Amino acid sequence: MSTQSPTEAPAPLHWKLVIDAADPHAQADFWAAALHYTAEDNSSLIERLLSLGALPREATVEYHGRPAFRDLIAVRHPDDPYDPETGTGLGRRLLFQRVPEPKTGKNRLHLDLHPGEGRRADEVARLRALGARVLDEVKEPSGSWVVMADPEGNEFCVH
C-alpha cells in the first residue's frame, strides 16, 4: 500500500551505473581522471567489517594507501553527497565490479561526455593521454562526435 498522496509526485530514484571490469581499480582511476570525479573511500567501512570478522582479509586490497574492496570500487561526482560512515556516494556514481570474462561485444549503454563548445579536440587528447583510444570520428547532419574506448575497451563518445 502506498503512503504517497495522489497529488504528490514520486521521489526520483537513486541510481548508479555498474560497469563490468577485469581490473576495477584501474578502471576507477581512469574514469575518476576522465570525469574529474573522486574514487570513493570505503576504508572506514572495510576496517569496521574486518574488525567484526564480517569480511575476510582476502576480499580486500590496498588502493592508494588504504583498504578497499577487492572486487568493486566506485567513483562519484565530488560535489555530490556521500555517507561519511561508509564512504558511499549518494549522487552521480559509476561502480566498477570485477568479472572473470573479458568484454566481447559492443556496449548496449555508453557515456557521452560533453566538454563544451570548442573543447572536443583538447578533451580527446587528454583522454588519450589517460589511456583511452579513438575508435571513430563521426560527422553526420545531426552533429559530430568522437567514439573512444576506455582502457578495457568500453566505448564512450566525446561530443
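About the criteria used
- Residues numbered from 1 in each chain as written.
- Predicted model: local features only at pLDDT ≥ 70, side-chain atom pairs only at ≥ 80, totals over all residues.
- Heavy atoms only, no water.
- Helix = DSSP H or I, 4+ residues; strand = E, 2+ residues; numbered from the N terminus.
- Buried < 20%, exposed > 50% of the residue type's maximum accessible area, 1.4 Å probe, protein only.
- Contact = heavy atoms within 4.5 Å.
- Areas by Shrake-Rupley, 256 points an atom, 1.4 Å probe, with all protein chains shown as cover.
- Lys, Arg positive; Asp, Glu negative; His and termini not counted.
- Charge placed at Lys NZ, Arg CZ, Asp CG, Glu CD.
- Pairing = 2+ DSSP bridges.
- Arc of directions from axis to C-beta.

**Details of the overall build of the protein chain**
Across its full length, the protein chain holds three helices and 10 strands. When the helices and strands of the protein chain are placed in sequence order, the string is β-α-β-α-β-β-β-β-β-α-β-β-β. When the backbone C-alpha atoms are referred to their principal axes, the protein chain occupies close to 55 × 50 × 30 Å. Within the protein chain, the fraction of its 159 residues that count as buried is 36%. A fraction of 61% describes how many contacts in the protein chain between residues 6 or more apart in sequence connect residues 24 or more apart. Summing over all exposed atoms, the protein chain offers an accessible surface of approximately 10,100 Å²; the carbon and sulfur share of this is 53%. Distance from the positive charge centre (18 side chains) to the negative charge centre (25 side chains) of the protein chain: 2 Å.

**Remarks on the pairing of strand 9 (residues 143-149)**
Across the seven residues that make up strand 9, a large majority, five, are buried. The pairing of strand 8 (residues 133-140) with strand 9 spans seven bridges and is classified as antiparallel. Bridge pairing links Lys-139 to Ser-144 in strand 9. Counting the residues in the hairpin turn of strand 8 and strand 9 gives two residues. Where strand 9 folds back onto strand 10 (residues 155-158) in an antiparallel hairpin, the turn is made up of five residues, including Gly-153, whose phi is positive at roughly 95 degrees.

**Considering helix 3 (residues 120-130)**
Side chains that are three or four residues apart share a direction in an α-helix, a result of its 3.6 residues per turn. Of the positions making up helix 3, those classed as buried are Glu-123, Val-124 and Leu-127. On an axial view of helix 3, the arc spanned by its buried residues comes to 100 degrees, and they lie on one face. Seen from the buried face of helix 3, the exposed residues on the opposite side, beyond 90 degrees, are Ala-121, Asp-122, Arg-128 and Ala-129. In this structure, the buried residues of helix 3 make contact with helix 1 (24-35), strand 7 (111-113), strand 8, strand 9 and strand 10. Positioned one or two residues after helix 3, Gly-131 has a phi angle of 120 degrees, which is positive.

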